[in-house]
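Now for the letters of each chain:
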Amino acid sequence: MRVGIIGTGTVGRTLAGKLVSLGHEVTLGSRSKENAAALAWAEQAGPYGHTGTFAEAAAFGELVVNATSGVVAVQALRLAGAEPLAGKVLIDVSNPLVFSPLGEVSLEPVNTDSVGEQIQREFPEARVVKALNTVNSEVMVDPGRVPGEHNLFIAGNDPEAKAQVVALLTEFGWPEGSVLDLGDITAARALEMLMPFWLKVMAQVGHADFNYSIRRAE
């Protein structure tokens, strides 16, 4: 499969590397073709790894991943363009974290909206699925870093798109039963709200190799 990734930060590069290792072909998109992080990644990724602009990555991908910061996600996808996103599964892994000068964390948007919903409204022909935003990038692509059973969550309006995302997560090593579908894209609000809590847990645990495990009574 051809995958376009919007964003060249740690999350984007980690996902890109995993996808290439699984035999997918990836274009890592940035604002500029001269992005140093993207060029360095492509140099070591081999023939299946490419770089390009946001628009080129979106046009290249049969599936597109938004791996930008949540506070700039819509702007970045506007640069990618509505036409190359139309009809495609668009996985949104972003979180709208805002840090104060004192290091306090808040979300924007929050409560009555989410980045996932903003993206779906802005690009109504895209098939947006919120996923992977509740774990560290290394755990995203290697769930075995956390022992035992633990869970991912997805949300989106299109059942077929969500099924496609679950299939890809299975390739990453997530057992199918570990992925919990929380419903339509409005559930992205709850998923994004988990991140300030996640940061507090990380501070107590001392590292990012942890995750949520949902236990159900019989």
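From a predicted model like this one, the values you see are computed outputs, not experimental measurements.

> Residue-level account of the overall build of the protein, with values.
Helix and strand counts for the protein stand at 9 helices and 10 strands. Taken over C-alpha atoms, the radius of gyration comes to 16 Å for the protein, in line with the 17 Å a tight globule of 218 residues would show. Structurally, the protein occupies a C-alpha span of about 45 × 40 × 35 Å along its principal axes. Looking at the protein residue by residue over its 218 residues, the buried ones come to 50%. Considering only contacts within the protein whose residues lie at least 6 apart along the sequence, 70% involve residues at least 24 apart. Roughly 10,100 Å² of accessible area belongs to the protein as shown, and the carbon and sulfur atoms make up 53% of that amount. The centroid of the 16 positive side-chain charges in the protein is displaced by 2 Å from the centroid of its 25 negative side-chain charges.

> An account of the environment of L194 is needed here, citing residue identities and associated values.
Relative to the assigned elements, L194 resides in helix α9 (residues 188–205). Between the alpha carbons of L194 and I6 there is a distance of 23 Å; along the sequence they are 188 residues apart. If near-sequence neighbours (up to four positions away) are discounted, L194 is found in contact with T134, F153 and Y212.

> Please give an account of the UniProt feature "domain: Pyrroline-5-carboxylate reductase catalytic N-terminal" (unreviewed entry) in the protein that cites residues and values.
Sites flagged by UniProt as "domain: Pyrroline-5-carboxylate reductase catalytic N-terminal" (unreviewed entry) map to residues 2–96. In the segment residues 2–96, helix accounts for 43% and strand for 25%; the C-alpha atoms at its two ends are 27 Å apart.

> So, the packing of helix α1 (residues 10–21) against helix α2 (residues 36–45): which residues are in play, and what are the values?
Where α1 meets α2, the axes come as close as 11 Å, and the angle between the chain directions of the two elements is 20 degrees. In this view, α1 runs roughly parallel relative to α2, as classed from their interaxial angle. You can see that α1 and α2 cross each other, and the crossing is right-handed. Across the interface between the two elements, R13, A16, G17 and V20 of α1 pack against A37, W41 and A45 of α2. Tallied by class, residues from the contact of α1 with α2 come to 5 nonpolar, 1 polar and 1 charged.

> I'd like to hear about the environment of S32, residue by residue, with values.
Within the secondary structure, S32 sits in the loop between β2 (25–30) and α2. Residue classification places S32 among the partly exposed residues on the basis of a relative accessible area of 34%. Residues S32 and V65 lie 33 residues apart in sequence; the distance between their C-alpha atoms is 18 Å. From its side chain, S32 meets the backbone nitrogen of E34 in a polar contact 3.0 Å long.

> Mind laying out α1, listing which residues take part and the relevant values?
Its 12 residues give α1 an end-to-end C-alpha distance of 16 Å, which sits within 8% of 16 Å, the value for a rise of 1.5 Å per residue. Buried within α1 are the following residues: G12, T14, L15, A16, L19 and V20. Immediately beyond the C-terminal end of α1, within one or two residues, lies G23, with a positive phi of roughly 95 degrees.

> Any chance you could break down the packing of helix α4 (residues 73–80) against helix α6 (residues 115–122) for me, citing the residues and the numbers?
Close contact between α4 and α6 brings their axes to 10 Å; oriented N to C, the two are set at 30 degrees. Considering the angle they form, α4 stands roughly parallel to α6. Remark: the crossing between α4 and α6 carries right-handed chirality. Where α4 abuts α6, its residues A73, V74, L77 and R78 lie against V115, Q118, I119 and E122. Split into classes, the residues belonging to the contact of α4 with α6 amount to 5 nonpolar, 1 polar and 2 charged.

> Break down the nonpolar core for me, with residues and values.
Core analysis: the largest hydrophobic core is formed by 36 residues, its most contacted members being I5, I91, L132, L169 and F172. In terms of residue count, helix α8 (residues 159–172) provides more of this core than any other element does, 6 residues in total. In this view, F172 contacts L15, K18, L19, L22, L132, M140, V141, D142 and P143; residues no more than four positions away in its chain are not counted. If you look at the next biggest cluster of nonpolar residues, it comprises 19 residues, including V74, A76, L77 and V128.

> Break down the sheet that holds strand β10 (residues 179–181) for me, citing the residues and quoting the values.
The strand order across the open sheet built from 8 strands is β3-β2-β1-β4-β5-β8-β9-β10, with neighbouring strands paired in mixed fashion. Of all the strands in the sheet, the pair left with one neighbour each is β3 (49–53) and β10. Strand-to-strand twist across the sheet, computed as the mean angle between neighbouring axes with direction ignored, equals 25 degrees. Relative to β3, β2 runs parallel, the two being bridged by 5 bridges. Counted as the bridge partner of S30 is T53 from β3. On top of the sheet, α9 reaches β5 (89–92), β8 (127–131) and β9 (152–156); it is set at about 140 degrees to β9, its chief contact.

Conventions and cut-offs
- Residues numbered from 1 in each chain as written.
- Predicted model: local features only at pLDDT ≥ 70, side-chain atom pairs only at ≥ 80, totals over all residues.
- Heavy atoms only, no water.
- Helix = DSSP H or I, 4+ residues; strand = E, 2+ residues; numbered from the N terminus.
- Rg over C-alpha atoms; globule rule 2.2 N^0.38 Å.
- Buried < 20%, exposed > 50% of the residue type's maximum accessible area, 1.4 Å probe, protein only.
- Contact = heavy atoms within 4.5 Å.
- Areas by Shrake-Rupley, 256 points an atom, 1.4 Å probe, with all protein chains shown as cover.
- Lys, Arg positive; Asp, Glu negative; His and termini not counted.
- Charge placed at Lys NZ, Arg CZ, Asp CG, Glu CD.
- UniProt positions renumbered as here; feature names shortened; annotations may be inferred.
- Axes fitted to C-alpha atoms, helices over the stretch in contact; angles between N-to-C directions.
- Parallel < 35°, antiparallel > 145°, perpendicular 65-115°, else oblique.
- Left-handed = near helix turned anticlockwise from the far one by under 90°.
- Nonpolar A, V, L, I, M, F, W, Y, C, P; charged D, E, K, R; others polar.
- Polar contact = N/O pair within 3.5 Å; in protein donor to acceptor, adjacent residues only side chain to side chain.
- Expected span 1.5 Å × (residues − 1).
- Core = buried A, V, L, I, M, F, W, Y, C linked by side-chain atoms within 4.5 Å.
- Pairing = 2+ DSSP bridges.

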